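# Survey of secondary and tertiary structure
Chain residues, written in single-letter form:
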Amino acid sequence: MNIKKIHLISASVVLAMTTLNSCKKDFLDTKPTTQFAESDVWSDPNLIQLNLNSIYNQNPWNFYMTSISVDEARCYDGGADFNMSNMLLSPDNAGWGDWNGKYRAIRDCNVFLENIDKLPNDATLTDGVTLKNRLKGEAIFLRAWYYQMLVSYFGGVPLVTTSYKLTDDFAAPRNSYEECVKFISDQCDEAAALLPLQNSGDAKGRATKGAALALKSRALLYAASELHNTNKFAGFSNPEVLGYVGGDKMLRWQAAKDAAKAVIDLGVYSLYQPSPATPEQATQNYEDLFTSKESTEDIFIRYFNVAANLGADFWTVFPNGFGGIEYNGATSETVDAYEMADGTAFSRNNPAQNKEPYKNRDPRLYATILYEGAKFRPRASNLLGTDPVGVLQVGTWEKWDAGAGKITYVYGLDSRNSAVYGGGYNNTGTSMLKFINRKTDMYVNHQDDLTWRFIGYTEVILNYAEACIELGQDAEARTYLNMIRKRAGMPNFTESGAALKLKYQNERRVEMLFENQRFFDVRRWMIGADAYHPMHGVDVVYKLNPDKTTATIPTVTPVQITTGSWNDKAYFMPIARSEMNKNAKLVQNPGYN
Amino acid sequence: MTTYGYNGTYLFNQSVIQQTLTALRIPNAGVTWEVANQSNIGFDAQLLDSKLSITADYFYNLRSNILAYRNASVPGSAGLTLPQENIGKVVNKGFEFQVGYQNRAGDFNYAVSVNGAFSKNHIQFWDETPGVPDYQKSTGNQMNANLYYKSIGVFKDQAAVDAYPHWSGARPGDIIFEDVNKDGQINGLDMVRSKKTSIPTFTGGFTFNLQYKSFDLSVLFQGAAGAERAYTTFSGGPGVGNFMYNMVKDRWTPENPSSTNPRVWERGGAYWMTDGMPNNTYFVRSSDYIRLKNFELGYSLPSTLTNRIGIQSLRVFASGLNLLTFTKVKDFDPESPDTAPGSIWVNSQVYPLNKTINVGLSVTF
């Protein structure tokens, strides 16, 4: 570089400095537009809401949630949550419940609540509440939400309600289960008092009074359940972190019933399309409920929208022959749990039912699970010749090749030998349909719109009915359960006592399939062994008839696809070894030492 | 003051996008410069009429106040996203040398050179998780050294499984983890901090150049020692069988109950191989190697001959790159790049080095 050039550059730099200096003296102190000082965040009514948004954003969601960690579904490679299915869970592979993630969200809530009062008061009412009260209510709700999840996985956990500074002592003991549930319940009440009954406009999707009361209903239902009122672990040093060690169980069921009733009595929610005229309509209504953008059942929801570039990733659950990876296939056990349309149990021992297992079943099955021959959506254009209708094809066709004098095999487009994409997807012989918008085209976009209901009104009705059953109020329970049955196009329950309880448990399993419930339900009901055992899918073959034609009705045979077993330790999740090492005051859950 | 920044977006009212604002980090007001004390002693000599040259250098570098995260001792229940703090202290020491000799003997003109560098760091202070056993501590070991279970063979049969502490669910064909702390069970306490990393502690080279009349020869060997690397294929399972030949050719099967090579595995289905991320020394190999990196032999036609046909010079030559490699590594190249800096995992999506043979003729008119 020659010297003249250097001079030129120096001159221009000096000039630039001078120009800037002359118009603005403090130009070096300009605040960046994408970063904010803490003091600005708490005093700005807009920024403070954006901070709260980040706590909503930490709420875990995906299409399969806990379904592959329990008996609802299995994923590709016939796999599942291998360590969970085979009871190999230990402090060295602990990830269930995402302890660290939940506590990060809880810290954000704590920081928020320590600072919310710095927001200047504004008496303007929106949806009946002031901004400050609404934000405070949302943060209290979210903290209770994350604690409720932690407690559902681990039992009592350290209740951290203030934000630590770097110099603090971080070691904290686990609070008792009772203390945790009381905290969650009280916080839900506190939040409910601050939150609006319903949100309007762009506040839709934020927590409401109903969300807080419904969370309380869930927390108290879980707490009243057998798992937390029976000491299964006789020698365990700290039974108080697993459940109640005294008191009256019936009062807990009463509290659970009252909590559910409080949501019902708000009068703002109702079952979606409660009175279908035909079973087909019941199927359609049920499908519409889970694919609708808004419904009368929405209590705590999250929106996904593809136009906003925040769509839900349907690719993970779409059948492989329709462009997805078919992550969530319902097990044979799940499919078999659906009753016949007349309300009797399905049985593989019934020859007619075994021959055509997907015929005359609970209308909800047809809106929840895709099975061999179930109509889905149009195939990609190059496959229309093979499958003009667009049905799930997991089967194998045995065809007679007269020329060669032997059987040839033709594999379905959604099978593991699919000509579209074979790559080893779930081998349950089914694919998930619930939540899926049939208009979604994987070859255009992997994502699409979705409204996910973390809490829907159906759950509250079921919570109420369960508490009624436990309190011996069978008639009241049946009244509410039969609302769900009617909406589903299924006959009323007439059972009482233990028989009603079993019917109810199956109803909850079917109605709320893939909704992140059963993983917790089988634990709190203490029926772990029913849900953890070798799991089955189905093998589907269109057999060659003796006259060398191919059968039009497939033979559907359950086959084992994964191993499995049960151990009582899995009623509670292990705390990671590293966490145990870092916090000397923690007590590990039973069975993990 | 804590700084807040955007970290994502969230939807309200079906499709209304709002930013999410979060604390980027907890402030550390006490942050200061890292301190590096570097000392070295060197030696340079030329002897025997400059035929022999020797260079040697010893160095000792102490870095302190290294910015590092204190994650290892802060429990998750604190919920903190920690700032970097001046807590690390690392020593790096070693030596480098080069010895060269060149001479002429009659028509022979030759030069030989050997060089090498030895360098090893060890951590003097690091944030350790309280309560971890000494053999898992980072302190005293190299930076980025990993924790592994020690693989000591394969369960040949059920009797072998029954005879040794094992991971719950272990079956014949599974890798045996050593019960390091001898407590009769295999768990996370049996993991051991490795003494090696992906970075060799010794690298060296040897060059040899020879000219004899119109012939010329040059040879370069290079080598490295003291590093460990691992290679795995991503998957394995029904539908996605993807194994290295060396992993399967002598694999354990009921008919061939090997005590050294494990069975084939399913993705996510073996305690010693979860989703392509093994946690044990079976998959970790010493990547020591010596390689004939470059070899070239040439012959130049005498100018008296070339001038006659109007050519200034003409040379024929044969050369080769990476012709020979001496290493115990079988399935990957010891010089393969890492998947990430400091990772021992070989990046399988990068082409290995080519073996190249050139035969050429260079003509100057």
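Residues numbered from 1 in each chain as written. Chains lettered and ligands numbered in written order. Predicted model: local features only at pLDDT ≥ 70, side-chain atom pairs only at ≥ 80, totals over all residues. Heavy atoms only, no water.

### A short note on the overall build of chain A
Definition in use: Here a strand is any run of E in DSSP of at least two residues, a helix any run of H or I of at least four, and the numbering for each starts at the N terminus. Each radius of gyration reported is based on C-alpha atoms, and the globular scaling rule is 2.2 Å times the count of residues to the power 0.38. A 1.4 Å probe rolled over the protein chains alone gives each residue an accessible area, and that area as a share of the maximum for its type sets the label: buried under 20%, exposed over 50%, partly exposed in between. To measure how exposed things are, a 1.4 Å probe is used in the Shrake-Rupley method; for residues, cover is taken only from the protein chains shown. Asp and Glu count as negative and Lys and Arg as positive, but His and the ends of the chain are not part of the count. For the purpose of locating charges, the reference atoms are NZ of Lys, CZ of Arg, CG of Asp and CD of Glu.
Broken down by element type, chain A carries 18 helices and 13 strands. In terms of C-alpha radius of gyration, chain A reaches 28 Å, essentially the compact-globule figure of 25 Å for 593 residues. For chain A, the spread of C-alpha atoms along the three principal axes comes to 95 × 80 × 50 Å. Classification of the 593 residues of chain A by burial places 58% in the buried group. Counting every atom, chain A has about 23600 Å² of accessible surface; 53% of that belongs to carbon and sulfur. Charge centroids of chain A, computed over 61 positive and 67 negative side chains, lie 3 Å from each other.

### Examining the sheet that holds strand S8 (residues 406-411) of chain A
Residues and elements named next belong to chain A. We apply this condition: The criterion for strand pairing is that DSSP finds at least two bridges linking the strands in question. Structural elements are reduced to axes, namely lines fitted to C-alpha atoms, with helices fitted over the stretch in contact, and the angle between N-to-C directions of any two is expressed from 0 to 180 degrees.
The mixed open sheet is built from four strands, whose spatial order is S8-S7-S12-S13. Strands at the two margins of the open sheet, each flanked by one partner only, are S8 and strand S13 (555-562). Looking at each pair of strands side by side, their axes are set apart by 30 degrees on average, direction ignored.

### A look at helix H10 (residues 279-291) of chain A
All names here are of chain A. Just so we agree on the cut-off: One less than the number of residues in a helix, times 1.5 Å, gives the span that helix is expected to have. Contacts between residues were defined by any pair of non-hydrogen atoms, one from each residue, lying within 4.5 Å.
The first and last C-alpha atoms of H10 sit 19 Å apart over 13 residues, in line with the 18 Å expected at 1.5 Å per residue. Here H10 has its buried residues at Ala-282, Thr-283, Asn-285, Tyr-286, Glu-287, Leu-289 and Phe-290. Those residues of H10 that are buried are in contact with strand S11 (450-456), helix H14 (474-488) and helix H15 (497-511).

### Observations regarding the interface of chain A and chain B
Heads up, the condition is: The rule for a salt bridge is simple: a side-chain nitrogen of Lys or Arg has to be within 4 Å of a carboxyl oxygen of Asp or Glu. For this scheme, ten residues count as nonpolar: Ala, Val, Leu, Ile, Met, Phe, Trp, Tyr, Cys and Pro. Four count as charged, namely Asp, Glu, Lys and Arg, and the remainder, Gly too, count as polar.
Contact residues are listed per partner, giving 57 residues for chain A and 60 residues for chain B. Counting the contacts that link chain A with chain B gives zero salt bridges. Listing elements by their share of the side of chain A that touches chain B, those giving two or more residues are strand S1 (35-37), helix H2 (38-43), helix H3 (45-56), helix H5 (99-115), strand S3 (298-304) and helix H18 (577-582) of chain A. Residue contributions to the side of chain A that touches chain B peak at seven residues, all from H5(A). Within the side of chain A that touches chain B, the residues separate by chemical class into 22 nonpolar, 19 polar and 16 charged. When S1(A) meets strand S1 (residues 3-12) of chain B, the two strands line up antiparallel, connected through three bridges.

### Quick word on the pairing of S11(A)
Residue and element names in this part refer to chain A. Within S11, seven of the seven residues are buried, which leaves the element mostly enclosed by the surrounding structure. By the bridge criterion, six bridges tie S3 to S11 in an arrangement that is antiparallel. Note on S11: the bridge partner recorded for Phe-304 is Leu-450.

### Considerations on the sheet that holds strand S17 (residues 356-364) of chain B
Two strands in a sheet stick together by hydrogen bonds in their backbones, pointing the same way (parallel) or opposite ways (antiparallel). Residue and element names in this part refer to chain B. With antiparallel pairing, nine strands are arranged side by side in an open sheet as S3-S4-S5-S6-S11-S12-S15-S16-S17. With partners counted over all chains shown, the strands left at the sheet margins are strand S3 (35-47) and S17, one partner each. Strand-to-strand twist across the sheet, computed as the mean angle between neighbouring axes with direction ignored, equals 10 degrees.

### Some details on a nonpolar patch on the surface
All names here are of chain B. This is how the line gets drawn: Here a patch means residues that are over 30% exposed by relative accessible area and free of salt bridges, tied together within 9 Å if like-charged and within 5 Å if nonpolar (Val, Leu, Ile, Met, Phe, Trp, Tyr).
Taken together, the side chains of Ile-41, Tyr-58, Tyr-60 and Phe-95 make up a nonpolar region of the molecular surface, amounting to roughly 400 Å² of accessible area. For Phe-95, the position within the fold is in strand S5 (residues 84-105). In this structure Phe-95 comes out as partly exposed when scored by relative accessible area, which is 38%.

### A look at the side chain of Ser113(B)
Residues and elements named next belong to chain B. Short version of the rule: Here a polar contact is taken to be a pair of N or O atoms separated by no more than 3.5 Å, where protein atoms must pair a possible hydrogen donor with a possible acceptor and residues adjacent in sequence count only if both atoms sit in side chains.
Here Ser-113 is to be found in strand S6 (residues 108-125). At a separation of 3.2 Å, a polar atom in the side chain of Ser-113 contacts the side chain of Gln-98. Residues in contact with Ser-113, not counting those within four places in the same chain, are Gln-98, Val-99, Gly-100, Gly-205, Phe-206 and Thr-207.

### Examining the environment of Ala308(A)
Counting through the fold element by element, Ala308(A) comes out in the loop between S3 and strand S4 (312-313). A sequence separation of 265 residues divides Ala308(A) from Met573(A), and the C-alpha atoms of the two residues are 37 Å apart. Beyond its immediate stretch of four places on either side in the chain, Ala308(A) contacts Leu11(B), Ser15(B) and Ile17(B).

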